[in-house]
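Residue-level structure breakdown
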Amino acid sequence: DSFEEQYYPSTCLVMEAGVRVLRRKDAPFNKLPFGRLFPRQKLFRNVKDIKTCAIVSSAGSLAGSKLGRFIDTHDIVMRFNHAPTQGHEVDVGSKTTIRVVNSQVVTKPEFDFTRAPIFRNVTIAAWDPGKYNGTLEDWLTSADYDLFTNYELYRRRYPKSRAFLIDPHSVWRLWQSLQMFAGSRPISRNPPSSGFIGLALLLPHCPQVDFVEYVPSTRLNGRCHYYSKEMNSACTFGSWHPLAAEKLMALDMNMAEDDDMSVFQFGILRIRRPDKL
Ligand code: NCC
């Protein structure tokens, strides 16, 4: 078997979780006025033309990476939460296609989700885990942070926006895929990080994903984010999210030809979508 044709069970496991955004036709939203807020558009336009995607983690070790130009060559660039590009273009690039945002970012006043320019003119995929095994009806009344109020405000204010909610059941299916990968080592019953959710959301739409500074490179510097001075290794190795398990699984998905070089030296993990599961 050639290297490219090798079977990557971890990639298939992540694909099988079926991480997705909610659609108008999904029950119970097809019967609720709230569901009419969901955009009619697809998550991405011209999916057939998408060849390469970059996912930019918010990791501190992106500082000084000078990966900005590389990141901007991709057809789709995914970023997280309120991670800025302004002032950091050399290291993280300037193109943003989609932001995956957690429900804290949607709700906490300091992020100003419904007005801040950083959340405008990009696709938004917002998520909240709800309760494990909860129904979607339960979720509407018991999200960890009530993202629905600001989502509604945002969608009414910008009716042409591509702002979606991630199906929380699909987030927990991804957690199950992670648990399958971890095997006999149980992971905590907390949802995966936005980074891992973003990877699973993007992969079905993209033949090749370059995930930047997710598995830490030799630039590892103890900083939480490239855009702040805060030192905190838990941001990289995890405390609440099962981040260590996510990163081991992502490393297992790596298919770069020069694998150790690109991951540990350049901080780039290359993941190819399997042709068929
Ligand atoms: O920090 P955060 O994550 O916004 O980072 C986005 C994604 O980048 C990857 N990352 C980040 C830092 C780092 N040193 N290494 C990394 O690999 C992770 O994959 C991460 O998901 C989140 O996942 O949504 C998270 O959000 C923050 C926070 O809510 C937002 O930044 C808004 O301030 C969470 N921090 C706290 O709640 C204090 C974080 O746990 C998860």
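Structural data are supplied above this passage.
The structure reproduced in this document is the subject of the present report. (Residues numbered from 1 in each chain as written. Predicted model: local features only at pLDDT ≥ 70, side-chain atom pairs only at ≥ 80, totals over all residues. Heavy atoms only, no water.)

Here we come to the overall build of the protein chain. Along the backbone of the protein chain there are eleven helices and seven strands. Projecting the C-alpha coordinates of the protein chain onto the three principal axes gives extents of approximately 50 × 40 × 40 Å. Within the protein chain, the proportion of its 277 residues that are buried is 53%. Intrachain contacts of the protein chain at a sequence separation of at least 6 include 66% that bridge at least 24 residues. For the protein chain, the accessible area works out to roughly 13,200 Å², and carbon and sulfur atoms hold 52% of it. Each charge class in the protein chain was averaged separately, 36 positive and 29 negative side chains, and the resulting centres sit 9 Å apart. (Helix = DSSP H or I, 4+ residues; strand = E, 2+ residues; numbered from the N terminus. Buried < 20%, exposed > 50% of the residue type's maximum accessible area, 1.4 Å probe, protein only. Contact = heavy atoms within 4.5 Å. Areas by Shrake-Rupley, 256 points an atom, 1.4 Å probe, with all protein chains shown as cover. Lys, Arg positive; Asp, Glu negative; His and termini not counted. Charge placed at Lys NZ, Arg CZ, Asp CG, Glu CD.)

This part is about the sheet that holds strand 1 (residues 52–56). Backbone-to-backbone hydrogen bonds join strands into a sheet, with any given pair of strands oriented parallel or antiparallel. Strand order in the open sheet formed by seven strands is 5-4-3-2-1-6-7, and the pairing between neighbours is mixed. Lying at the two open borders of the sheet, with one neighbouring strand each, are strand 5 (163–165) and strand 7 (268–272). When the angles between neighbouring strand axes are averaged without regard to direction, this sheet yields 20°. Across the sheet, helix 8 (residues 194–202) is in contact with strand 1, strand 2 (76–80), strand 3 (98–102), strand 4 (123–127), strand 6 (208–212) and strand 7; its angle to strand 2 comes to roughly 155°. (Pairing = 2+ DSSP bridges. Axes fitted to C-alpha atoms, helices over the stretch in contact; angles between N-to-C directions.)

A separate point is the packing of helix 7 (residues 168–182) against helix 8. Two packed helices can be described by the angle between their axes and the distance between those axes. Helix 8 packs onto helix 7 with a crossing angle of 100° between their chain directions and a minimal axis gap of 11 Å. Between helix 7 and helix 8, the angle is such that the two are roughly perpendicular. Contacts between helix 7 and helix 8 pair Val-171, Leu-174 and Leu-178 from the former with Phe-196, Ile-197 and Ala-200 from the latter. (Parallel < 35°, antiparallel > 145°, perpendicular 65-115°, else oblique.)

Next up on the list: helix 10 (residues 243–253). Of the positions making up helix 10, those classed as buried are Leu-243, Ala-245, Glu-246, Lys-247, Met-249, Ala-250 and Met-253. Considering only its buried residues, helix 10 is in contact with helix 1 (9–16), helix 7, helix 8, helix 9 (234–237) and strand 7.

Mapping Glu-246 onto the fold places it in helix 10. Although Glu-246 is buried, it makes no salt bridge; Lys-247 carries the closest opposite charge, 6.9 Å away. Beyond its immediate sequence surroundings of up to four residues, Glu-246 is in contact with Leu-178, Pro-192, Ser-193, Phe-196, Tyr-214 and His-241. (Salt bridge = Lys/Arg side-chain N within 4 Å of Asp/Glu carboxyl O.)

A separate point is the state of the cysteines. The tally for this structure, following the rule as stated, stands at two disulfides. The disulfide bridge from Cys-53 ends at Cys-206, spanning 2.1 Å between sulfur atoms. One quick way to see it: the torsion about the S-S bond of Cys-53 and Cys-206 is about 110°, and its sign makes the bridge right-handed. Highlighted residues: Cys-53 in strand 1 and Cys-206 in the loop between helix 8 and strand 6, separated in sequence by 153 residues. The two residues Cys-53 and Cys-206 agree in class, both being buried. With cysteine numbering restricted to those in disulfides and following the sequence, the protein chain has the pairing 1-2, 3-4. Just so you know, Cys-12 is unpaired, no disulfide at all, and the nearest cysteine sulfur is the one on Cys-206, 16 Å from it. (Disulfide = S-S within 2.5 Å.)

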